[in-house]
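Examination of the molecular architecture
Residue strings, one per chain:
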Amino acid sequence: AYKKSILLKPDYAEAHQNLSFALLNSSRLKEGFDEYEWRWKTPTGAPQKRHFLQPLWDGKKSLRGKRILLWCEQGVGDTINWCSSLSFVAAQSKHCILECQEKLVPLLARSFPNVEVKAQNSSLDAQRDDFDFHLPMGNIFRHFIPKISQNTKALLSPDPVRINFWRERLNALGSGPYVGISWKSANMSPARLQNYADISEWYPVLKVPGITFINLQYIGFAEDLARIQNELGVTVHNFGDLDHYDNLADVAALSAALDTVVSTKITVPLISAGVGTSTKLAHWRQSPWNNVLFNPLAPSVDIFERNTWEPWSHVFQLISEEISKLKI
C-alpha cells in the first residue's frame, strides 16, 4: 500500500517514512534505513533537522584524525537506544561529541568517558567549527548494520554509590524480589494508545505473591497506584524524593538495583535494559516502532507481544509466570 502511494506521489514523505517502518519491522534493514531518510521531509521531522556548514558523515569517509558531532533528534529513549552504537563511531574518530537532552548528560557522560557529552544547543549551528562531520543519532545504525546485534554488554554505567543507596532503600521496604513497573507514556495520543495497557490489565502480574513492586512510572501514576491498592490490596512503592522524569541518572541507578523491570514501550525499559537489568517488555506486535531502531537491543530484554485484535491478557499472564520464577 505504501509503495502504491509512492507510485502515485513519489515525494509523499509520510508514505516513505511509513514504508521504512514496514521494511525495518520485516528486518529488511538497509532498505528500511534508506527510506527512513525521508523523515526529514515530513511535517514533524523537518523542524527537527539541524543545518551545519560541515558535511553529513556518510559512513564511508575516514574519520581518522577527524572530529564528529552526533546530535539527538527525537526522544530520550531513542537517544539511549542509539547510543548502543556510539562506541563504533568514537573508536574511528579523533574526537567524538554527543549533543543530547540535558537531563541525559550526567548518565551518558559517565557511561561514555571517551566521548564529549553536552546538552543540545542549536543556536550557533551555522557558525560552529569544533567538528569536521556531523551525524543525527537516527542515522547511526544505518552505518553499522552488521554490528547492531553485537551489543552484549550493559550500555549504561550508573553511579555505583547511588546503586548502593537504592539497594539500601529497597531493603528497607522488606524482602525482594524487587520488580519495577511502568505502563504509559507522557504522550497518550490516540495514535499511540495501542502501545499501552490500562493498569487493570496488569493485575495478573501485580497479583503474584511475594514480590515487592516499585513504581518507575514518571508521570500520571498517583491515581493508578491508589487503584491498585484499593482493588488488589497491593502496594506499589513510590519513592517521592526521586524525580522520575528529569533525574535519569538516579532512575538508572534504581533500575540497576532492581531484580526485574516490567514495562510497556516507553523510556523506562530502554534505561533498565541499558543498565543490564532483566526487562520484560509488553509490546504491541503491529507497532510501527517494533523494529531495531526503537526496540531495546540488550540481551537482558524479553519481549512479549500481542496482536492488534488481541487483548493484553495473554501477555501479562506470561509475564506473571516469569515473575513467579524469581522467588524460586
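Model, not experiment: these values are computed from the prediction. In every chain, residue numbers begin from 1 and rise along the written sequence. For a predicted model such as this one, the threshold for reporting local features is a pLDDT of at least 70, and the threshold for listing and counting side-chain atom pairs is 80 or more; totals across whole chains, interfaces and linings nevertheless cover every residue. In computing side-chain values, all of the structure's heavy atoms are included and hydrogens and water are not.

What follows concerns the packing of helix 2 (residues 13-25) against helix 3 (residues 29-36). Remark: helix 2 packs on helix 3, axes separated minimally by 8 Å, with the N-to-C direction vectors making an angle of 160°. It follows that helix 2 is roughly antiparallel to helix 3 by the angle criterion. For the pair helix 2 and helix 3, the sense of crossing is left-handed. Here His16, Gln17, Leu19, Ser20, Phe21, Leu23 and Leu24 of helix 2 come into contact with helix 3, specifically with Leu29, Glu31, Gly32, Phe33, Glu35 and Tyr36. Within the contact of helix 2 with helix 3, the residues separate by chemical class into 7 nonpolar, 4 polar and 2 charged. Working convention: axes come from line fits to C-alpha atoms, limited for helices to the stretch in contact. Angles between N-to-C directions cover 0 to 180 degrees. Think of it this way: any DSSP run of H or I at least four residues long counts as a helix, any run of E at least two long counts as a strand, and we number them from the N terminus. Orientation is classified from the angle alone, with under 35 degrees giving roughly parallel, over 145 giving roughly antiparallel, 65 to 115 giving roughly perpendicular, and any other angle giving oblique. When the near helix sits turned anticlockwise from the far one by under a right angle, the crossing is termed left-handed; a clockwise turn instead gives a right-handed crossing. It only takes one pair of heavy atoms within 4.5 Å for two residues to be counted as in contact. Throughout, the ten residues Ala, Val, Leu, Ile, Met, Phe, Trp, Tyr, Cys and Pro are labelled nonpolar, Asp, Glu, Lys and Arg are labelled charged, and all others, Gly among them, are labelled polar.

So, about the pattern of salt bridges. For salt bridges, the criterion is a side-chain nitrogen of Lys or Arg within 4 Å of an Asp or Glu carboxyl oxygen. What the rule picks out here adds up to 24 salt bridges. Across the salt bridge formed by Asp34 and Lys30, the nearest N and O atoms sit 3.1 Å from each other. Here Asp34 and its partner Lys30 are both found in helix 3, 4 residues apart, which amounts to about one turn of the helix. Type-normalised accessible area, obtained with a 1.4 Å probe on protein chains alone, sets the label of each residue: buried when under 20%, exposed when over 50%, and partly exposed for intermediate values. Note on Asp34: relative accessible area 31%, which makes it partly exposed.

In space, the 6 strands of this open sheet follow the order 7-6-5-8-9-10, with parallel pairing throughout. Both edges of this open sheet fall to strand 7 (236-237) and strand 10 (301-306), since each of them pairs with a single strand only. Between any two strands, at least two bridges found by DSSP are needed for them to pair. Strand direction decides the pairing type here: strand 9 (residues 278-284) and strand 10, joined by 6 bridges, are parallel. For Leu281, the partnering residue across the bridge sits in strand 10 and is Ile303.

Take the packing of aromatic side chains next. To pair, rings of Phe, Tyr and Trp, with the six-membered ring standing in for Trp, must have centres within 6.5 Å; the planes then decide the type, stacked if under 30 degrees apart, edge-to-face if over 60, and tilted in the middle. Throughout the structure, instances matching the rule amount to 14 aromatic pairs. Relative to Trp71, the ring of Trp40 lies with its centre 5.7 Å away and its plane at 45°, an arrangement referred to as tilted. Of the two residues, Trp40 sits in the loop between helix 3 and strand 1 (67-71) while Trp71 sits in strand 1, which places them 31 residues apart along the sequence. Considered together, Trp40 and Trp71 belong to a single accessibility category, that of buried residues. With a centroid separation of 5.8 Å and 45° between ring planes, the pair formed by Trp312 and Phe316 is classed as tilted.

What follows deals with the pairing of strand 3 (residues 116-119). Where strand 2 (residues 95-100) lies against strand 3, 4 bridges are found, and the strand directions are parallel. Across the sheet, residue Leu98 finds its bridge partner in strand 3, namely Val117. In this view, the connection linking strand 2 to its parallel neighbour strand 3 by way of helix 6 (residues 105-111) has right-handed handedness. Crossover handedness is defined by viewing with both strands directed away from the observer: a clockwise path from the first strand over the helix to the second marks the crossover as right-handed.

Okay, the environment of Trp284 next. Inspection of the secondary structure assignment puts Trp284 in strand 9. A relative accessible area of 11% means that Trp284 is categorised as buried. Within the structure, the side chain of Trp284 is placed 2.8 Å from the side chain of Thr308, a separation counted as a polar contact. Polar contacts, as used here, are pairs of N or O atoms within 3.5 Å; protein pairs need one atom able to donate a hydrogen and one able to accept it. Residues neighboring in sequence count only if both atoms are side-chain atoms.

Purely geometric numbers; function is a separate question.
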